[in-house]
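Understanding the architecture of this molecule
The chain contents come next:
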Amino acid sequence: MFTQSAKMAWKSISSNKMRSFLTMLGIIIGVMALVVLVSLVSGTTDSVQNSISSIGTDLLTVTVNDDGGNPLKMDDLEEYEAIDGVEQVACVSQESFTIESGSTSEDGTVYGTTSAYAEISGLEITTGRFIYNIDNDNHTNVCVISYDVASEILGTPNAVGSEISINGSTFTVIGILEDDDSSSDSVYEAYIPYTTLIRQSSSVNTDISSFVISASENADTDAVEESVEMLLYERFGDEDSYTIMNQSEIAEAMESVTGTLTLLLGGIAAISLLVGGIGIMNIMLVSVTERTREIGIRKAIGAGRGIIMLQFLIESLLVSLMGCGIGIGLSAVTLKVASVFAANSDYDLSFTMSMGVVWISIIFSVAIGVIFGLYPANKAAKKNPIEALRYMG
């Protein structure tokens, strides 16, 4: 019975190819919207999460807004290093200076910091070394420069040992950072000892206004944050005097935002599928009317209400599932093309089709085929055979 009904449903669909395709189009567009939009958000989310993870979710950044006459000094950072769960602490400050060599010069960002900063912030040194504690102790004029500074200003990526001018002072290059492929713009950065930056800049004094903390591997970052906040409050007595930025909280917030965005876009795509379902119901009602005489003949030769209803339900389901299959196939092609364009862009993005979204699309399409096919099928099954045989439409 099921096989015969399926054959008749397929015959009806294939005999009106254009009409069937146009009916499927709503499902195709809905499925593509669901799969492609959710996959694009998922790919973008993965890229952002990877960027955050590369920095580390165990990172705390402390900014002192108002020291209240009781400023932090470099020696005070030892108190924060002694907190249970803290692995490393490094102060950091930045200034915009001119970086030049010979006749080539560029405006760049110069960071004054200490030895632990490279490991805390995930800086990769390809050649040479980072700043040592002794460099800060001796106020040494040494610097670690970005790959673009080495290749474009000094003219060679192997610039360790070369001299470069920063804010009119001569510095010896001791290290080269890894090339940043994620940005199409040149990155002109230099890292120098914190005590040296103090001497170079009139706006930076010995007071520490910003420092970063990395938590130990198995430490609770939130607990470390509470301990750091306790020390800061004891020192400044006002919560508005400082700001603590927890990298793990940023990651959680980003995950929450992208999750909400995925649900929002998925909901919009689901509406497109519902519109496709209305299209299926509409064409099935037309089909029932056109085939009134056929229904009467089938009932006259013994076809029961269940058989008639099953035939039209299968037809509706086939139209929905065929549209779903085409939509999934076109989604795969679209994501492949998007991945090619993303690979040639400045962003590290990769778009893949999630099987979870595919199964949701299939389940949704089945539900639409059944729900929106139920009324036309029931209408066909309830037709009076005598009136149906008299129909001359």
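Up top you'll find the structure we're talking about.
These notes cover the structure that comes with them. As the structure is a computational prediction, the values presented were derived from the model and not from experiment. (Residues numbered from 1 in each chain as written. Predicted model: local features only at pLDDT ≥ 70, side-chain atom pairs only at ≥ 80, totals over all residues. Heavy atoms only, no water.)

1. Re the side chain of Ser241
Worth spelling out the cut-off: The secondary structure listing takes helices from DSSP runs of H or I that are at least 4 residues long and strands from runs of E that are at least 2 residues long, numbered from the N terminus. Only protein chains enter the area calculation, which uses a 1.4 Å probe; residues under 20% of their type maximum are buried, those over 50% are exposed, and those in between are partly exposed. Two residues form a contact once any of their heavy atoms are found within 4.5 Å.
Relative to the assigned elements, Ser241 resides in the loop between α8 (221–236) and β10 (242–246). Residue Ser241 is classed as buried on the basis of its relative accessible area of 5%. Those residues within four positions of Ser241 in sequence are excluded, and the remaining contacts are Thr63, Val64, Asn65, Asp66 and Phe236.

2. What about unusual backbone geometry?
Even without glycine at this site, His139 takes up a positive phi of about 55°. Within the secondary structure, His139 sits in the loop between α5 (133–137) and β5 (142–145). Phi angles above zero are rare outside glycine, and Asn167 is one such case at about 55°. Residue placement: Asn167 occurs in the loop between β6 (163–166) and β7 (169–177).

3. Quick word on the side chain of Asn136
Assignment of secondary structure puts Asn136 in helix α5. If we ignore the near neighbours within four places in the chain, the residues touching Asn136 are Met74, Thr113, Thr114, Ile131, Pro193, Tyr194 and Thr195.

4. What to know about the environment of Phe372
Inspection of the secondary structure puts Phe372 in helix α12 (residues 355–381). Separated by 98 residues in sequence, Phe372 and Leu274 place their C-alpha atoms 9.1 Å apart. For Phe372, the residues in contact, after removing those within four places along its chain, are Leu274, Gly277, Ile278, Met281 and Ser316.

5. Overview of the layout of surface pockets
Stated formally: As defined here, a cavity is a set of points on a 1 Å grid over the protein atoms alone where a 1.4 Å probe fits but cannot get out. A pocket is an open set with protein on both sides within 12 Å along at least five of seven lines, and residues line them when an atom is within 4 Å of a point. Grid points are joined across faces, edges and corners, and a volume is the space filled by probe spheres set on the points. Amino acids are sorted into nonpolar (Ala, Val, Leu, Ile, Met, Phe, Trp, Tyr, Cys and Pro), charged (Asp, Glu, Lys and Arg) and polar (every other residue, Gly among them).
The space that makes up the second largest pocket amounts to roughly 350 Å³. As for the second largest pocket, its lining consists of 16 residues, of which Met74, Leu77, Glu81, Thr114 and Asn133 are closest to the centre. Counting only elements with at least two residues in the lining of the second largest pocket, the list comes to α3 (77–81), β2 (86–101) and α5. In terms of residue count, β2 provides more of the lining of the second largest pocket than any other element does, four residues in total. Counted by class, the lining of the second largest pocket contains six nonpolar, six polar and four charged residues.

6. Looking at the pattern of salt bridges
Note the threshold: Here, a salt bridge means any Lys or Arg side-chain nitrogen found within 4 Å of an Asp or Glu carboxyl oxygen.
Inspection of the entire model under this criterion finds three salt bridges. Here Asp207 ties to Lys73 by a salt bridge, and the two come within 2.4 Å at their closest N and O atoms. Note that Asp207 is positioned in the loop between α7 (194–200) and β9 (210–215) and Lys73 in the loop between β1 (59–64) and α3, a separation of 134 residues in sequence. The partly exposed category is assigned to Lys73, whose relative accessible area is 33%. A salt bridge links Arg235 to Asp76, with the shortest nitrogen-to-oxygen separation between them at 3.0 Å. Here Asp76 lies in the loop between β1 and α3 and Arg235 lies in helix α8, a separation of 159 residues in the sequence.

7. Points about the nonpolar core
Short version of the rule: Among the buried residues, those of types Ala, Val, Leu, Ile, Met, Phe, Trp, Tyr and Cys that are joined through side-chain atoms within 4.5 Å form a nonpolar core.
With 29 residues, the main nonpolar core has Ile27, Val31 and Phe312 as its most contacted residues. Secondary structure elements with two or more residues in this core: α2 (17–55), α9 (247–290), α11 (305–343) and α12. If one sorts the elements of this core by residue count, α2 sits on top with eight residues. Ignoring sequence-local partners within four residues, the contact set of Phe312 consists of Met284, Ser287, Val288, Arg291, Ile295, Ala377 and Ala380. Core analysis: the next-biggest nonpolar cluster, separate from the first, contains 23 residues, Leu72, Tyr80, Leu232 and Tyr242 among them.

8. A few points about a negative patch on the surface
Rule in force here: Candidates for patches are residues over 30% relative accessible area with no salt bridge; among them, like charges are joined within 9 Å and nonpolar side chains (Val, Leu, Ile, Met, Phe, Trp, Tyr) within 5 Å. Accessible surface is estimated by sampling points in the Shrake-Rupley manner with a 1.4 Å probe; for residues, cover comes only from the protein chains shown. Positive charges are assigned to Lys and Arg, negative charges to Asp and Glu, while His and the chain termini are left out of the count. Positions of charges follow a simple convention, taking NZ of Lys, CZ of Arg, CG of Asp or CD of Glu.
Where like charges cluster on the molecular surface, the negative patch consists of Asp66, Asp220, Asp222, Glu226, Glu229, Asp238, Glu239 and Asp240. By the secondary structure assignment, Asp240 is in the loop between α8 and β10.

9. Here we look at empty space enclosed by the protein
On inspection of all chains with the given rule, the structure shows one cavity of 30 Å³ or more. Empty space within the largest cavity amounts to approximately 110 Å³. Secondary-structure elements contributing two or more residues to the lining of the largest cavity are α1 (2–15), α2, α9 and α11. Within the lining of the largest cavity, the residues separate by chemical class into four nonpolar, five polar and two charged.

10. Considerations on helix α10 (residues 292–300)
Put simply, the test is: Regarding the arc, it is the one traced by the directions from the helix axis to the C-beta atoms.
Those residues of α10 lying buried are Thr292, Ile295, Gly296, Arg298 and Lys299. Buried residues of α10, seen end-on, are gathered within an arc of 165° and therefore sit on one face of the element. At the C-terminal side of α10, Gly302 shows a positive phi close to 115°.

11. A word on the pairing of β10
Short version of the rule: Any two strands with at least two DSSP-identified bridges between them are counted as paired.
Across the two faces of β10 the burial differs, with Tyr242, Ile244 and Asn246 buried and Thr243 and Met245 not buried at all. Two strands pair when backbone bridges link them, and β1 and β10 are joined in this way by five bridges, in the antiparallel orientation. When the bridges of β10 are listed, Thr63 appears paired with Thr243.

12. Overview of the packing of aromatic side chains
Here is the rule we go by: Centres within 6.5 Å are what make two rings of Phe, Tyr or Trp a pair, Trp counting through its six-membered ring; a difference in plane orientation under 30 degrees is then read as stacked, over 60 as edge-to-face, and the rest as tilted.
Counted by the stated rule, this structure contains four aromatic pairs. Residues Tyr80 and Phe211 carry aromatic rings whose centres are separated by 5.2 Å and whose planes lie at 55° to one another, so their mutual orientation is tilted. Here Tyr80, found in helix α3, pairs with Phe211, found in strand β9; they are 131 residues apart in sequence, far enough to count as distant. Taken as a pair, Tyr80 and Phe211 share a single burial class, namely buried. Arranged with centres 6.0 Å apart and planes meeting at 55°, the rings of Phe130 and Tyr191 form a pair that is tilted. Here the residue Phe130 occupies a position in the loop between β4 (125–128) and α5, and Tyr191 occupies one in strand β8 (residues 189–193), the gap between them amounting to 61 residues. Residue classification places Phe130 among the buried residues on the basis of a relative accessible area of 8%.

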